[in-house]
Amino acid sequence: PKATLNMKKNASEDIRNEEDGSYTITYTVWIEAASTNKFVLENVRIEDSLNNTAHATFADSLQYISYVDDSFKLFSNKTATGEELPFEKSEEIPNNPALNSDKKGFVAYVGDMEPGSVRCIQYQVRVGLEAIGKSGGEKLSVKNRALVYSDNAKNGKNGNEVSI
């Protein structure tokens with residue numbers, strides 16, 4: 001049988017300018033298990049990266065751009081509103097979500113998904129003032145690519161680019 005796992009990613013149009021001159025971008029990614037699926041999608045997870053080789057941010061600026069550790073939120077709807085859900089942790093997954101050591105990527109497990117169920121993750125990326133300087137005063141494009149996986153379904157992807 002075939003199963004579908006849909007995903008959509010958006011960057012907030014309201015990019016926050018911080019007191020120190022840095023910027024904060026809020027991303028929202030929703031994942032939906034199609035209602036026509038005949039089985040539960042197992043171990044669903046999202047990976048996002050600022051330096052995905054197919055969709056990478058300008059290398060000189062990248063060192064000043066990172067995911068914000070404590071910004072990750074999980075919801076059971078497409079709008080990132082209402083009650084937050086806890087990220088599941090286990091012996092196999094002690095840190096969830098888990099940032100890469102360089103903070104240029106992460107993986108977040110949302111668990112198993114029944115047909116028709118939805119999960120939404122919201123998180124932030126901080127762009128240091130130095131990153132804009134490295135762009136030569138030109139518009140800086142922050143590029144990142146989210147990928148969604150399940151242990152028992154085909155993979156999807158969705159790129160995203162935000163200009164500052």
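Residues numbered from 1 in each chain as written. Predicted model: local features only at pLDDT ≥ 70, side-chain atom pairs only at ≥ 80, totals over all residues. Heavy atoms only, no water.

1. Considerations on the pattern of salt bridges
Worth spelling out the cut-off: The term salt bridge refers to a side-chain nitrogen of Lys or Arg lying within 4 Å of a carboxyl oxygen of Asp or Glu. Each helix is a run of DSSP H or I of at least 4 residues and each strand a run of E of at least 2, with the numbering of both proceeding from the N terminus. The buried label applies to any residue whose accessible area, calculated with a 1.4 Å probe on protein chains only, is under 20% of its type's maximum; exposed applies above 50%, and partly exposed to all values in between.
Summed over the entire model, instances satisfying the criterion amount to six salt bridges. Notably, a salt bridge pairs Lys78 with Glu32, separated by 3.6 Å at the nearest N-O pair. In this pair, Lys78 is assigned in the loop between strand E8 (73–75) and strand E9 (98–99) and Glu32 in strand E3 (residues 23–33), connecting sequence segments 46 residues apart. Here Lys78 falls in the partly exposed class, since its relative accessible area comes to 38%. Shared partners join several salt bridges into a network, and the residues in it are Arg16, Glu18 and Arg126.

2. Some thoughts on the nonpolar core
Buried together is how nonpolar side chains tend to be arranged in soluble globular proteins. In plain terms, the rule: Take the buried residues of types Ala, Val, Leu, Ile, Met, Phe, Trp, Tyr and Cys, join any two whose side-chain atoms come within 4.5 Å, and each joined set is a nonpolar core.
Ile31, Ile46 and Val142 are the most contacted members of the largest nonpolar core, which has 32 residues in total. Taken together, the elements giving at least two residues each to this core come down to strand E1 (5–11), E3, strand E4 (41–49), strand E7 (65–67), strand E10 (105–113), strand E11 (118–127), helix H2 (129–134) and strand E12 (141–150). Sorting elements by how many residues they give to this core places E3 first, with five residues.

3. Examining the environment of Lys89
Which entries qualify depends on this criterion: In what follows, a contact means two residues having at least one pair of non-hydrogen atoms within 4.5 Å. Here a polar contact means two N or O atoms within 3.5 Å. Within protein one must be a hydrogen donor candidate and the other an acceptor candidate, and residues neighboring in sequence count only if both atoms are side-chain atoms.
When you line up the elements, Lys89 lands in the loop between E8 and E9. On the accessibility criterion, Lys89 (53% relative accessible area) is exposed. As for Lys89 and Val142, which are separated by 53 residues in sequence, their C-alpha atoms are 30 Å apart. For Lys89, the residues in contact, after removing those within four places along its chain, are Pro94 and Asn96. Engagement of the side chain of Lys89 in a polar contact is seen with the backbone oxygen of Asn96, the distance being 2.9 Å.

4. What to know about the packing of aromatic side chains
Put simply, the test is: Within 6.5 Å between ring centres, the rings of Phe, Tyr and Trp (the latter by its six-membered ring) count as paired, and their orientation is classed by plane angle as stacked under 30 degrees, edge-to-face over 60, tilted in between. Consider the ring centre and the ring normal. A charge sits over the ring if Lys NZ or Arg CZ is within 6 Å of that centre and within 35 degrees of that normal.
Under the criterion given, the structure shown has six aromatic pairs. Relative to Phe106, the ring of Tyr67 lies with its centre 5.2 Å away and its plane at 80°, an arrangement referred to as edge-to-face. Within this pair, whereas Tyr67 is found in strand E7, its partner Phe106 is found in strand E10, the two being separated by 39 residues in sequence. Each member of the pair, Tyr67 as well as Phe106, is classed as buried. Ring centres of Phe106 and Tyr123 lie 4.8 Å apart, and the angle between their planes is 70°; this geometry places the pair in the edge-to-face category. In this pair, Phe106 is assigned in strand E10 and Tyr123 in strand E11, connecting sequence segments 17 residues apart. A relative accessible area of 2% places Phe106 in the buried class. Sitting over the ring of Tyr27, Lys9 keeps its end group 4.9 Å from the ring centre. Just above the ring of Trp30 sits the side chain of Lys78; from NZ or CZ to the centre is 4.2 Å.

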